[in-house]
Amino acid sequence: MSESDSQAHHPHTCEILELFRLRGDSQYGSEPVSQLEHALQAAWFAEQQGAEPCLVAAALLHDVGHLLHDLPDDAPEQGIDDRHEILAARWLQRRFPVEVCAPVQLHVAAKRYLCAVEPEYFNQLSPASILSLRLQGGAMTEQERLAFEQLPGSAAAVRLRRWDDAAKLTGLQTPPLEHFARQLDACLVPSTPARHDAGENG
Ligand code: FE
């Protein structure tokens, strides 16, 4: 019996497990890992570094936006910014608390932020990440950087970003998806659909 089968999970946790089972095999852009492998590695790094359950959940879910649209895996190569962080945040806001949603929404901004404050950060980005960075607006200006630092969740987003950047390792062994179901459950208040609502249905 798997970890997920051994206990009942929150309906939103079940929804997420199903989404990864249905669509997690898709490639993570032009990186050498699948969307599921990328999510598991990011969540595993977060857990290993002692992140609280909601930030582990955010790491697992940071790219869920890629599983919610039908754009091709190589959208950036076609010059398309899929704005997956916005799509993800809107979807998550109807399910998870702000401690999960905010770092997800800001994880692309965090890349632009780190490019502005750490000159060496840019040099370790993958070619695919550099390509998408251009579409996302490049490094932040000084004004953007100062505004970003004031946003709730921006520090958590920067932590998440580093796990995101590292989570592209071929063949890395991680716990299975079901391992993280408990962290998802821990972020969800039983029988409460959402703590806030983005006001959208999509
Ligand atoms: Fe990612």
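Residues numbered from 1 in each chain as written. Predicted model: local features only at pLDDT ≥ 70, side-chain atom pairs only at ≥ 80, totals over all residues. Heavy atoms only, no water.

**Some thoughts on the pattern of salt bridges**
- Summed over the entire model, instances satisfying the criterion amount to nine salt bridges.
- Between Glu-149 and Arg-145 there is a salt bridge, with the nearest N and O atoms lying 2.9 Å from each other. Of this pair, Glu-149 and Arg-145 both sit in helix α9 (residues 142-149), four residues apart, which is roughly one turn of that helix.
- For Glu-149, a relative accessible area of 33% corresponds to the partly exposed category.
- You can call Arg-145 buried: its relative accessible area is 17%.
- Residue Asp-164 pairs with Arg-161 through a salt bridge whose shortest N-O separation is 3.3 Å. (Salt bridge = Lys/Arg side-chain N within 4 Å of Asp/Glu carboxyl O. Helix = DSSP H or I, 4+ residues; strand = E, 2+ residues; numbered from the N terminus. Buried < 20%, exposed > 50% of the residue type's maximum accessible area, 1.4 Å probe, protein only.)

**What to know about the packing of helix α6 (residues 107-117) against helix α10 (residues 154-166)**
- It is the contact of α6 with α10, at a shortest axis distance of 8 Å, that shows an interaxial angle of 85°. Viewed along their axes, α6 and α10 adopt a mutual orientation that is roughly perpendicular. Residues His-107, Val-108, Ala-110, Lys-111, Tyr-113 and Leu-114 of α6 lie in contact with α10, whose contacting residues are Ala-157, Val-158, Leu-160, Arg-161, Arg-162 and Asp-164.
- Residues of the contact of α6 with α10, tallied by class, amount to seven nonpolar, one polar and four charged. (Axes fitted to C-alpha atoms, helices over the stretch in contact; angles between N-to-C directions. Parallel < 35°, antiparallel > 145°, perpendicular 65-115°, else oblique. Contact = heavy atoms within 4.5 Å. Nonpolar A, V, L, I, M, F, W, Y, C, P; charged D, E, K, R; others polar.)

**A look at the packing of aromatic side chains**
- Under the defined criterion, the tally for this structure stands at one aromatic pair.
- One cation-aromatic arrangement involves Arg-95 over Trp-91; the distance from NZ or CZ to the ring centre is 3.8 Å. (Phe/Tyr/Trp six-rings, centres within 6.5 Å; stacked < 30°, edge-to-face > 60°. Lys NZ or Arg CZ within 6 Å of the ring centre and 35° of its normal.)

**Considering the coordination of the iron ion**
- Looking at the iron ion, the protein donor atoms are Tyr-28 (OH), His-38 (NE2), His-62 (NE2), Asp-63 (OD) and Asp-164 (OD), and they sit 2.0 to 2.4 Å from it.
- A relative accessible area of 0% places His-38 in the buried class. (Donors = N, O, S within 2.8 Å, 3.2 Å for Na, K, Ca; no water.)

**Considering helix α3 (residues 53-61)**
- Among the nine residues in α3, eight count as buried, and that is most of the element.
- Buried residues along α3 sit in contact with α1 (11-23), α2 (35-48), α4 (84-93), α5 (98-105), α10 and α11 (181-187).

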